[in-house]
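Residues per chain are reported as follows:
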Amino acid sequence: MDYFPTFFDIRHRRALVVGGGQVAERKIQLLLRAGARVGVVAEQLTENLNGRAAAGQLDAIGQTFHEDQLAGVALVIAATSDRDLNRAVAVASRTRGIPVNVVDDPKLSSFIVPAIIDRDPVMVAVSTGGASPVLARLMRRSLEQWLPEKLGAVARLARAWRERVGQRLGGIGRRRAFWEQLLESDAAKQAQAGQWRQANDSVSQLLETHATKRCSGSVALVGAGPGDPELLTLKALRLMQQADVVLYDRLVAPAIIDKCRRDAELVDVGKTSSGSSDTQSDITSMILKYATAGRRVVRLKGGDPFVFGRGGEELEAVEALGIEVTVVPGITAATGCAASAGIPLTHRDLAHGCVLATGQLRSDGDETAAMAELAELAARKHTIVLYMGIGNLALQTQQLIAHGLSSSTPVAIVENGTRPEQRVLRSSLAAVANVATRERVRAPALVIIGEVARANAYSTQSAAA
Ligand code: SAH
């Protein structure tokens, strides 16, 4: 960054402009609008400047530049076509520590004047650091079109209420939440339409609402279970019904979203199964944005937030900001699907443990090692549950077989587990990839591998036992 961006309060302070042509005139007009007391040094003034001098709006203090004209001056602009004179003005000003701009000469200037988009009191300044004034002008043109013409009215409304809001709402989070809502509310539209009475009424009402409601921000990472709304915990339901904002995943069933508070803001942050880390960091910053604005945020996640749910990253980010956070466990797909498909994950005779694993390829690419570990656990009578396992099923089942797991090991696919459209497809390690393709299995689907997945395994074994 070559320049420090700033807006300069020049009201009632002296500014000296050397030059009296068109360019000087534009700078003088700007200085006058900003409330400066302008002195001008020039052999000749434009008609407009002459008129202003006659009307007492500016001081024509001489025809030639002397250093003593700089006494008491807060800012200098040199706008003559005489390069030597401009340089002399610049050197004299800099020696005295007075900020100076030489028009179209960044090298001689200690500050540059940006292109502006003026929606008083809103001001957008564009600078290319002197690199390309034409680019700055092009950007100004597009910003001009993009910013509402009456934007200034919204800022004036905010200014009029600023002090009262400060007195009424303690805490920066609460105030920020109020302003955010206000600036997107009817009040802002009414102000832009010049309907001041209605605008003030709207602000007053909104302020009352915010002053009386409890609104220190909080976050709950809530497990929504695998789909059946009756599998929600009581705690999940309570938080969903108190939330100001609910950020939900693609995996959360519509029947569950229906149970959120009616006037909660519902935000779909659905990710694809490849959910890139960018998307995850967008979601995390959204959670933080709402929470720091004082809102009660529920981050609703399919299943359990801490089982392949990236809840850990979200928890860390929220805690780092010192925001209150609760984690509410949910029924994870493995237990949900197992229950509704009638497949016990552990069993006295058939399965001594259960491994929750992912069927997604590992980022370090060491798929063989991962599958070798799983094959070994399966050999020690552990049920293997693969989340996100459909895409790579062929590759992974081949590897499990290559690592010694019997190709006749029973496998069940549970698609849309616990939902009305649930399907359970039973087959074997050797056949399951073909079954998934033939039956057009779609996400969400879970793959359960092990003796417990055999049809009637439970009753047969019980009878035998
Ligand atoms: N946090 C979630 C898992 C997210 S990963 C949980 O604890 O359940 C997404 C994977 O979960 C899906 O690819 C699928 O394998 C599994 N899954 C989630 N809901 C499911 C459902 N209703 N039926 C089958 N599998 C499901």
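Residues numbered from 1 in each chain as written. Predicted model: local features only at pLDDT ≥ 70, side-chain atom pairs only at ≥ 80, totals over all residues. Heavy atoms only, no water.

1. A closer look at the sheet that holds strand β13 (residues 353-358)
The sheet built from five strands is open, its strands ordered β13-β14-β17-β15-β16 with mixed pairing. Across the chains shown, the open sheet's two edge strands, defined by having one partner strand only, are β13 and β16 (423-428). For this sheet the average axis-to-axis angle between neighbouring strands, irrespective of direction, equals 20 degrees. Where strand β14 (residues 382-387) meets strand β17 (residues 445-449), three bridges bridge the pair, whose relative direction is antiparallel. (Pairing = 2+ DSSP bridges. Helix = DSSP H or I, 4+ residues; strand = E, 2+ residues; numbered from the N terminus. Axes fitted to C-alpha atoms, helices over the stretch in contact; angles between N-to-C directions.)

2. Points about helix α3 (residues 83-95)
When the terminal C-alpha atoms of α3 are compared, their 18 Å separation across 13 residues agrees well with the 18 Å that a helix rising 1.5 Å per residue should span. Buried within α3 we find N86, V89, A90, A92 and S93. In this structure, the buried side of α3 is in contact with β1 (14-18), β4 (73-78) and β5 (100-102). Put simply, D82 is the residue that caps the front of α3, since its side-chain oxygen is 3.0 Å from the backbone nitrogen of D84. (Expected span 1.5 Å × (residues − 1). Buried < 20%, exposed > 50% of the residue type's maximum accessible area, 1.4 Å probe, protein only. Contact = heavy atoms within 4.5 Å. Polar contact = N/O pair within 3.5 Å; in protein donor to acceptor, adjacent residues only side chain to side chain.)

3. As for the site of the ligand
The environment of the ligand is formed by 19 residues, the closest being P226, D304, V307, T332 and A445. One nitrogen or oxygen atom from the main chain of A333 is found 2.9 Å from an oxygen atom belonging to the ligand. M388 places a polar main-chain atom, nitrogen or oxygen, 2.9 Å from an oxygen atom of the ligand. Tallied by class, residues from the shell around the ligand come to twelve nonpolar, five polar and two charged. (Near = heavy atom within 4 Å. Nonpolar A, V, L, I, M, F, W, Y, C, P; charged D, E, K, R; others polar.)

4. Some details on the pattern of salt bridges
Evaluated as defined, the whole model comprises 20 salt bridges. With a shortest N-O distance of 3.1 Å, R11 and D9 are connected by a salt bridge. Where E144 meets R119, a salt bridge forms, and the shortest distance between an N and an O atom there is 3.0 Å. Of the two residues, E144 is situated in helix α4 (residues 133-146) and R119 in strand β6 (residues 115-119); the sequence distance between them amounts to 25 residues. A residue is classified by how much of its surface remains accessible, and R119, at 9% relative accessible area, is buried. The network of salt bridges with shared partners includes D244, R261, D263 and R296. (Salt bridge = Lys/Arg side-chain N within 4 Å of Asp/Glu carboxyl O.)

5. Digging into the nonpolar core
The biggest cluster of nonpolar side chains holds 22 residues, and the ones touching the most others in it are L374, I384, L386, L400, I413 and I449. Taken together, the elements giving at least two residues each to this core come down to β13, α14 (367-379), β14, α15 (393-402), β15 (410-415), α16 (432-438) and β17. It is α14 that contributes the most residues to this core, four residues altogether. Filtering out sequence-adjacent residues up to four positions away, L374 remains in contact with V355, A357, I384, L386 and L400. One finds V40, A74, L75 and I77 within the second-largest nonpolar core, a separate group that totals 20 residues. (Core = buried A, V, L, I, M, F, W, Y, C linked by side-chain atoms within 4.5 Å.)

6. Concerning helix α9 (residues 234-242)
Spacing of three or four residues puts side chains on the same side of an α-helix, whose turn is 3.6 residues. Those residues of α9 lying buried are A236, L239 and M240. On an axial view of α9, the arc spanned by its buried residues comes to 105 degrees, and they lie on one face. Where α9 is buried, its residues meet β8 (218-223), α10 (254-257), β11 (296-301) and β12 (324-328). (Arc of directions from axis to C-beta.)

7. Remarks on the sheet that holds strand β10 (residues 265-268)
What holds strands together in a sheet is hydrogen bonding between their backbones, with the strands either parallel or antiparallel. Pairing is parallel in the open sheet, where five strands are placed in the order β10-β9-β11-β8-β12. Among the strands making up the open sheet, the edge pair consists of β10 and β12. The sheet shows a mean angle of 15 degrees between the axes of neighbouring strands, taken without regard to direction. One ladder, built from four bridges, connects strand β9 (residues 245-248) with β11; its direction is parallel. Counted as the bridge partner of L247 is R299 from β11.

8. Here's the deal with the domain arrangement of the protein chain
Looking at the assigned domains, one finds that the protein chain contains domain 1 (14-113), domain 2 (161-212), domain 3 (218-331) and domain 4 (335-454). Computed from C-alpha atoms alone, the centre-to-centre distance between domain 2 and domain 3 is 28 Å. (Domains from an automatic or database assignment.)

9. Here's the deal with the packing of helix α5 (residues 151-168) against helix α8 (residues 196-212)
How two helices pack is summed up by the angle between their axes together with the distance between the axes. Two elements in contact, α5 and α8, have axes whose closest approach is 11 Å; the angle formed by their N-to-C orientations is 35 degrees. In the crossing of α5 with α8, the sense of the turn from one axis to the other is right-handed. From α5, A153, R156, L157, W161, V165 and R168 reach across to α8, where they touch W196, A199, N200, V203, S204, L207, E208 and A211. Looking at side-chain class alone, the contact of α5 with α8 contains nine nonpolar, two polar and three charged residues. (Left-handed = near helix turned anticlockwise from the far one by under 90°.)

10. Looking at the side chain of T80
Mapped onto the elements of the fold, T80 is located in the loop between β4 and α3. In terms of polar contacts, T80 uses its side chain to reach the side chain of N86, at 2.7 Å. If we skip the residues at most four places from it in the chain, T80 touches V18, G19, L85 and N86.

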